[in-house]
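Given next are the chains, with one letter for each unit.
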Amino acid sequence: VQLQASGGGLVQAGGSLRLSCVVSGSFFGILDMGWYRQAPGKERERVAQFTGDGRQDYIDSVKGRFTMSRDNAKNTVYLQMNSLKPEDTAVYYCNAIVTLFNQRTGNYWGQGTQVTVSS
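First things first, this report covers the structure right here in the doc.

What counts and what doesn't
In every chain, residue numbers begin from 1 and rise along the written sequence. Predicted model: local features are reported for residues with pLDDT of at least 70 only, side-chain atom pairs are reported and counted for 80 or more only, and whole-chain, interface and lining totals are derived from all residues. As a rule here, side-chain values come from all non-hydrogen atoms in the structure, and water together with hydrogens is ignored. Starting at the N terminus, helices and strands are each numbered in turn, a helix being any DSSP run of H or I of at least four residues and a strand any DSSP run of E of at least two. Here the radius of gyration uses the C-alpha set of atoms, whereas the globule reference equals 2.2 Å times the residue count to the power 0.38. The cut-offs for exposure are 20% and 50% of the maximum accessible area for each residue type, with area from a 1.4 Å probe on protein chains only; residues under the lower value are buried, those over the upper are exposed, and the others partly exposed. Each accessible area is a Shrake-Rupley result for a 1.4 Å probe, and residues are judged covered by the shown protein chains and nothing else. Note that His is not counted, nor are the chain ends; the positive residues are Lys and Arg, and the negative ones are Asp and Glu. To locate a charge, the coordinates of NZ of Lys, CZ of Arg, CG of Asp or CD of Glu are taken. For two strands to pair, DSSP has to find at least two bridges joining them. In what follows, a disulfide is any cysteine sulfur pair within 2.5 Å.

1. Overview of the overall build of the protein chain
Working step 1: If you tally the helices and strands in the protein chain, you get zero helices and eleven strands.
Working step 2: For the protein chain, the α and β elements follow one another from N to C terminus as β-β-β-β-β-β-β-β-β-β-β.
Working step 3: Against the globule reference of 14 Å for 119 residues, the protein chain gives a C-alpha radius of gyration of 14 Å, in line with a compact fold.
Working step 4: Overall, the C-alpha framework of the protein chain stretches about 50 × 25 × 25 Å when taken along its three principal axes.
Working step 5: Counting across all 119 residues of the protein chain, residues that qualify as buried make up 43%.
Working step 6: For the protein chain, the computed accessible surface area is about 6400 Å², with 47% contributed by carbon and sulfur atoms.
Working step 7: The positive charge centre, built from 12 side chains, and the negative charge centre, built from 9, are 3 Å apart in the protein chain.

Written out as structure tokens, the structure is:
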């Protein structure tokens, strides 16, 4: 199972970016997908999560600015980031928990994509 994240870049404060994450490989289904970020000198934090029952959870600092969506046919999850702030600067990682064909679950990470917001 591989996760490929893309869409990061440099943007001015107030701008927007859209991150994408494609899940590929051999698996039965996706239980959970989410976006995490890690800023320099800080621990990785979960930004948004798409749970298996369809709920979306966001950390308070991005509520109203970030929106997750998914295309199940493409095994792709998106993170639309609007009104970006310098404090959103971080490496963003996608994460997926999938059900494997041996009925076990696997926890996988993408390679990370850099988001830099200038003031």
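Right, picking up where we left off after that structure.
2. So, unusual backbone geometry
Working step 1: The phi torsion at asparagine 75 lies on the positive side, around 50°, for a residue other than glycine.
Working step 2: Positive phi outside glycine occurs at serine 83, with the angle close to 50°.
Working step 3: Checked against the element boundaries, serine 83 lands in the loop between strand S8 (76–81) and strand S9 (90–99).
Working step 4: With a relative accessible area of 40%, serine 83 lands in the partly exposed category.

3. Here we look at the pairing of strand S4 (residues 29–38)
Working step 1: Of all ten residues in S4, eight are buried; the element is thus mostly enclosed.
Working step 2: As paired elements, S4 and S9 share nine bridges and run antiparallel to each other. Residue pairing across strands places isoleucine 30 opposite valine 98, the latter belonging to S9.
Working step 3: Here S4 runs beside strand S5 (residues 45–50); their pairing, made up of five bridges, is antiparallel. Paired with arginine 37 across the bridge in S5 is glutamate 45.
Working step 4: Count of turn residues in the S4/S5 antiparallel hairpin: six residues, of which glycine 41 carries a positive phi of about 80°.

4. With respect to the state of the cysteines
Working definition: the covalent bond between the sulfur atoms of two cysteines is a disulfide.
Working step 1: Summed over all chains, the structure comprises one disulfide.
Working step 2: The residue that forms a disulfide with cysteine 21 is cysteine 94, at a sulfur-sulfur distance of 2.1 Å. As the torsion about the S-S bond is roughly 60°, the cysteine 21-cysteine 94 disulfide counts as right-handed. Placement of cysteine 21 in strand S3 (residues 17–24) and of cysteine 94 in strand S9 is noted, with a sequence separation of 73 residues between them. The exposure classification of cysteine 21 matches that of cysteine 94, with both residues buried.

Geometric values such as these leave the question of function open.
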